[in-house]
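Reading the structure
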Amino acid sequence: MQSTVWFITLACVALLAAVFYYVISNSKTPEEYPPIQKKWYSFRGKWFLFLAGLWVVVTFATLMPFPIAPQAQAYSGDGYQVVDVSGHQWYWTMSTDTVVAGKPVAFQVTGADVNHGLGIYDEDLTLVAQVQAMPGYTNKLIYTFDEPGKYRILCLEYCGLAHHAMIAELNVEAAS
Amino acid sequence: MSTTTLSGTVSYSEAENQGALVAVKTHLIVGILVFLLMMLAGAVMRAAQGNMFTISPDLFYQFMTVHGAGMVGTAGIASTGVLWYFLRQYVQLSTKIFWINFGIFLTGVVLILGSIFLGKYGGAWTFLYPLPGISLGAWSAGAAAAFLLGLLVIGTGFLILYLDVGRAILARYGSFGRALGLPQLFGKEPVDTSHPPTVVAGTMVLIVNFLGIAAGAVVLVMMLVNLYNPEFKPDALLIKNLIYFFGHVFINATIYASVTAVYELLPRYTGRPWKTSKVFYAAWLAIVFMVMAVYPHHLMMDFAMPPWALIVGQVLSYGSGVPVMVVTGYGALMIVYRSGIQWNTTTKLLFLSMFGWAAGVIPAIIDAMVTVNRVFHNTLWVPGHFHFYLLLGLLPMIFGFAYHLLGEAKEGGTTMADRLGFYSFLGGGLLLAFTFLASGASSIPRRWAVHMDEWIPMAHWGTLAAILVVLGVLLFTWRALTALPRAPEPS
């Protein structure tokens, strides 16, 4: 996900930079404005239609199905492993620090004092999922670990002076 | 700021024009100086993250708080200077009230600086409830109250100014709808291509910022009450909604206010008019609503939010980029293309601002997709996107306007220092934005005083970038301090 987004961004910014460079390199020699207006206002309509079409495609492609699990649903039982997580200044409490790979984990996350952010990092320090930990609310994050290993829980919402030290470990074991 | 008369509604004496010019220059000079100081704070933070500089975490978070609040507030006051300068040519504005807002702003700044550096407040500009009141002894309730009160005071000053702007627009155009060009858009009146883009932009800024600041005032008062009466416990999610509504509107409005410099000045340097049209009015009408409704993209990791609100956040985040890509940025490209433009620091900065704004929108709208946000939210991708369109979009509008005002075109052209400043700023700004974005793509969290060993090389690149930016802005500042105070009104 991260590398895909990074390369899409680089490609789009590079394309935009090329357009600006083209205009700069064609800026010194003056020409009559009306023909330029006629040609490029016409192109603007097509450009708008392209962006609008892309808007529709991206919206449906990324929101169906809706990528956040239903929050009203109960996730206990055989189908899920449940981890109740609470963020405190400046540590995490978890009902268990061990889960198995291949079976969905329901993280039920709250903030005991202030806002925190539960960020789950794999052994390569790549962020795989996150959710806010907010006082008065329990957010349910459903995530299935594909790979066993030692994951880390980092705080991703600024919560005071030891925000950066708020780290816990989560062991993901291979399914038996 | 020569004497202007439009249908007998706008008329200033020479003394009023001189007074207004001094006021605008003061806004700009103070703004540029504070930008420079805040950039130094940013460079220190990046150096600290790269272990090149040792500061304690509490001081780091104080720097982070002053950097965030200071940049947003200064962007507000400097962009108001830009908008006010151009808008007063079309509607009758009060210089006295302009100064009153400036004085109130400085009062708020003193309160905020006192809260941070005397009271040790380090709750970030976001002041997310209930962190300001729960610091585990790092700062007192009084320090938090001074910070919140400082923001409240600043907001009050802006509201007073907007009341004057609203009065002036209504006196000239009769309604905000007419000022936005709506009767022309919907065919009730013939299209008048000479209707000033600045009036349209100024009206949009007035509407959204009045509501944004009002929401901010509500939340600040609620949090002040909570600080001294902890029995009063507002809902944390409601507070977060109000804070991000206020914050998103306010910072976005700075760009929409400053873009008036592009609308007003690029035509002067290209000899091509920036005419309003139905497309222009439609884009700005859409922005009025989108800027206010788009903020839920800040809350996509708050799963307790209603799904419809998050969908609105994603859809409108994309939508709010469209007017930039189709109207303003596109219009700037057309107006420059084969125009014979006179390239100097003013025009280079104004044209750069269009690139920075449009390019910065790209990582912003990608991050505002729920499925992307779950691995990019609160990583350094986020400061990456807003540094892109604020550092390389907003600030070049303000700096470009300052160069125009100091009379660069009349002085005999661009100096070597100007060129060095521009390219140092451009190179540093691009490196800084891309380093933040690459850091975010590498999952490095934001707002961490101490970085893990794996992340330190990125902080080194960020520090180098910040130094280049500071060098460029130092040269801009030198020019602003030496040439701007005595510069006559540019014709």
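Here is what the cut-offs are and how they apply
- Residues numbered from 1 in each chain as written.
- Chains lettered and ligands numbered in written order.
- Predicted model: local features only at pLDDT ≥ 70, side-chain atom pairs only at ≥ 80, totals over all residues.
- Heavy atoms only, no water.
- Helix = DSSP H or I, 4+ residues; strand = E, 2+ residues; numbered from the N terminus.
- Buried < 20%, exposed > 50% of the residue type's maximum accessible area, 1.4 Å probe, protein only.
- Contact = heavy atoms within 4.5 Å.
- Areas by Shrake-Rupley, 256 points an atom, 1.4 Å probe, with all protein chains shown as cover.
- Lys, Arg positive; Asp, Glu negative; His and termini not counted.
- Charge placed at Lys NZ, Arg CZ, Asp CG, Glu CD.
- Salt bridge = Lys/Arg side-chain N within 4 Å of Asp/Glu carboxyl O.
- Axes fitted to C-alpha atoms, helices over the stretch in contact; angles between N-to-C directions.
- Parallel < 35°, antiparallel > 145°, perpendicular 65-115°, else oblique.
- Left-handed = near helix turned anticlockwise from the far one by under 90°.
- Nonpolar A, V, L, I, M, F, W, Y, C, P; charged D, E, K, R; others polar.
- Buried area = accessible area lost by both parts, 1.4 Å probe.
- Polar contact = N/O pair within 3.5 Å; in protein donor to acceptor, adjacent residues only side chain to side chain.
- UniProt positions renumbered as here; feature names shortened; annotations may be inferred.
- Pairing = 2+ DSSP bridges.
- Core = buried A, V, L, I, M, F, W, Y, C linked by side-chain atoms within 4.5 Å.
- Domains from an automatic or database assignment.
- Phe/Tyr/Trp six-rings, centres within 6.5 Å; stacked < 30°, edge-to-face > 60°.
- Lys NZ or Arg CZ within 6 Å of the ring centre and 35° of its normal.

As a further point, take the overall build of chain B. A count of helices and strands for chain B gives 17 helices and zero strands. The principal-axis extents of the C-alpha atoms in chain B amount to approximately 60 × 50 × 45 Å. Going through the 491 residues of chain B one by one, you find that 68% of them count as buried. Long-range contacts, defined as pairs at least 24 residues apart, comprise 82% of the intrachain contacts of chain B with a sequence gap of at least 6. Surface summary for chain B: the accessible area is close to 15500 Å², and the carbon and sulfur share equals 70%. Within chain B, the 17 negative side-chain charges are centred at a point lying 7 Å from the centre of the 24 positive side-chain charges.

Right, let's get into unusual backbone geometry. Cis geometry marks the peptide bond from Gln-89 of chain A to Trp-90 of chain A, where omega comes out at 0°. With respect to the helices, strands and loops of the structure, Trp-90 of chain A is situated in the loop between strand 1 (81-88) and strand 2 (91-94). Here Asn-51 of chain B, not a glycine, exhibits a phi torsion of approximately 60°, which is positive. The topology assignment puts Asn-51 of chain B in the loop between helix 1 (14-49) and helix 2 (57-87). Take Asn-51 of chain B: its relative accessible area is 55%, and that puts it in the exposed class. One non-glycine residue, Phe-127 of chain B, lies in the positive phi region at around 35°. With respect to the element layout, Phe-127 of chain B can be found in the loop between helix 3 (95-118) and helix 4 (141-173).

The subject of this paragraph is the pattern of salt bridges. Within this structure, the stated rule accounts for seven salt bridges over all chains. A salt bridge links Glu-31 of chain A to Arg-338 of chain B, with the shortest nitrogen-to-oxygen separation between them at 3.3 Å. On the criterion of chain membership, the pair formed by Glu-31 of chain A in the loop between helix 1 (2-25) and helix 2 (33-63) and Arg-338 of chain B in the loop between helix 11 (307-336) and helix 12 (345-367) is interchain, its members lying in two chains. Assessed through its relative accessible area of 41%, Glu-31 of chain A is described here as partly exposed.

Two quantities define a packed helix pair, namely the angle between the axes and the distance from one axis to the other. All names here are of chain B. Contact geometry of helix 9 (residues 260-270) with helix 14 (residues 381-405) gives a least axis separation of 10 Å together with a crossing angle of 45°. Taken as axis vectors, helix 9 and helix 14 run oblique relative to one another. For the pair helix 9 and helix 14, the sense of crossing is left-handed. Where helix 9 abuts helix 14, its residues Ala-261, Val-262, Leu-265, Arg-268 and Tyr-269 lie against Met-397, Phe-401 and His-404. Here the residues of the contact of helix 9 with helix 14 sort into six nonpolar, one polar and one charged.

On to the packing of helix 1 of chain B against helix 2 of chain B. Residue and element names in this part refer to chain B. Remark: helix 1 packs on helix 2, axes separated minimally by 8 Å, with the N-to-C direction vectors making an angle of 155°. Relative to helix 2, helix 1 is oriented roughly antiparallel. Like other packed secondary-structure pairs, helix 1 and helix 2 cross with a definite hand, here left-handed. Along the lines of polarity and charge, the residues of the contact of helix 1 with helix 2 split into 21 nonpolar, eight polar and no charged.

On to the interface of chain B and chain A. Counting residues at the interface gives 86 residues for chain B, matched by 75 residues for chain A. Summed over both sides, the interface of chain B with chain A buries roughly 7400 Å², with 72% coming from carbon and sulfur. Viewed at the interface, chain A and chain B are joined by two salt bridges. Between chain B and chain A we count 32 residue pairs in polar contact (both at pLDDT 80 or more) in total. Residue assignment for the side of chain B that touches chain A shows that the elements contributing at least two residues are helix 2, helix 8 (236-258), helix 11, helix 12, helix 13 (370-376), helix 14 and helix 16 (416-441) of chain B.

Next up on the list: the UniProt feature "domain: Cytochrome oxidase subunit II copper A binding" (unreviewed entry) in chain A. As annotated in UniProt, the feature "domain: Cytochrome oxidase subunit II copper A binding" (unreviewed entry) corresponds to residues 78-176 of chain A in the numbering used here. Annotated as 0% helix and 55% strand, the span residues 78-176 of chain A places its first and last C-alpha atoms 15 Å apart.

All names here are of chain A. Pairing in this open sheet of four strands is mixed, and the strands run 2-1-4-7 from one edge to the other. The strands lining the two open edges of the sheet, one partner per strand, are strand 2 and strand 7 (139-143). Shown here is a sheet whose adjacent strand axes are inclined to one another by a mean of 25°, direction ignored. In the sheet, strand 1 pairs with strand 4 (residues 105-111) via seven bridges, with the strands oriented parallel. Bridging across to strand 4, Gln-81 finds its partner in Val-105.

Turning our eyes to something else, we now look at the nonpolar core. By size, the foremost hydrophobic cluster in this structure holds 242 residues, and its most contacted members are Phe-107 of chain A together with Phe-127, Met-204, Trp-357, Phe-401 and Phe-425 of chain B. Counting only domains with at least three residues in this core, you end up with domain 1 (2-63) and domain 2 (81-173) of chain A.

Our next topic: the UniProt feature "transmembrane region" (unreviewed entry) in chain A. Residue and element names in this part refer to chain A. Within this numbering scheme, the UniProt entry marks residues 6-24 and 45-66 as carrying the feature "transmembrane region" (unreviewed entry). Along residues 6-24 one finds 100% helix and 0% strand; the C-alpha atoms at either end are 27 Å apart. As annotated, residues 45-66 has a helix share of 86% and a strand share of 0%, and its two end C-alpha atoms lie 31 Å apart.

Residues and elements named next belong to chain A. Judged by pairing direction, the sheet is mixed, and its five strands sit side by side in the order 3-9-8-5-6 without closing on themselves. Taken across any chain shown, the strands that pair with only one partner, and hence form the sheet edges, are strand 3 (98-100) and strand 6 (127-133). Averaged over all pairs of adjacent strands, the angle between strand axes in this sheet comes to 25°, irrespective of strand direction. Direction of pairing for strand 3 relative to strand 9 (residues 167-173): parallel, over a ladder of three bridges. In the sheet register, Val-99 faces strand 9, and the bridge partner there is Val-172.

This brings us to the packing of aromatic side chains. Residues and elements named next belong to chain B. Counted according to the given criterion, the structure contains 45 aromatic pairs over all chains. In textbook terms, an aromatic cluster arises when at least three aromatic residues are bridged by ring pairs, as seen for Tyr-256, Tyr-263, Trp-274, Phe-280, Tyr-281, Trp-284 and Trp-357. Residue placement shows Arg-88 over the ring face of Tyr-12; its charged tip is 3.7 Å from the ring centre. A cation sits over an aromatic face here: Lys-348 above Phe-422, 5.1 Å from the ring centre.

So, on to the environment of His-385 of chain B. Residue and element names in this part refer to chain B. Mapped onto the elements of the fold, His-385 is located in helix 14. Given a relative accessible area of 10%, His-385 falls into the buried group. Ignoring sequence-local partners within four residues, the contact set of His-385 consists of Gly-360, Pro-363, Ala-364, Asp-367 and Leu-437.

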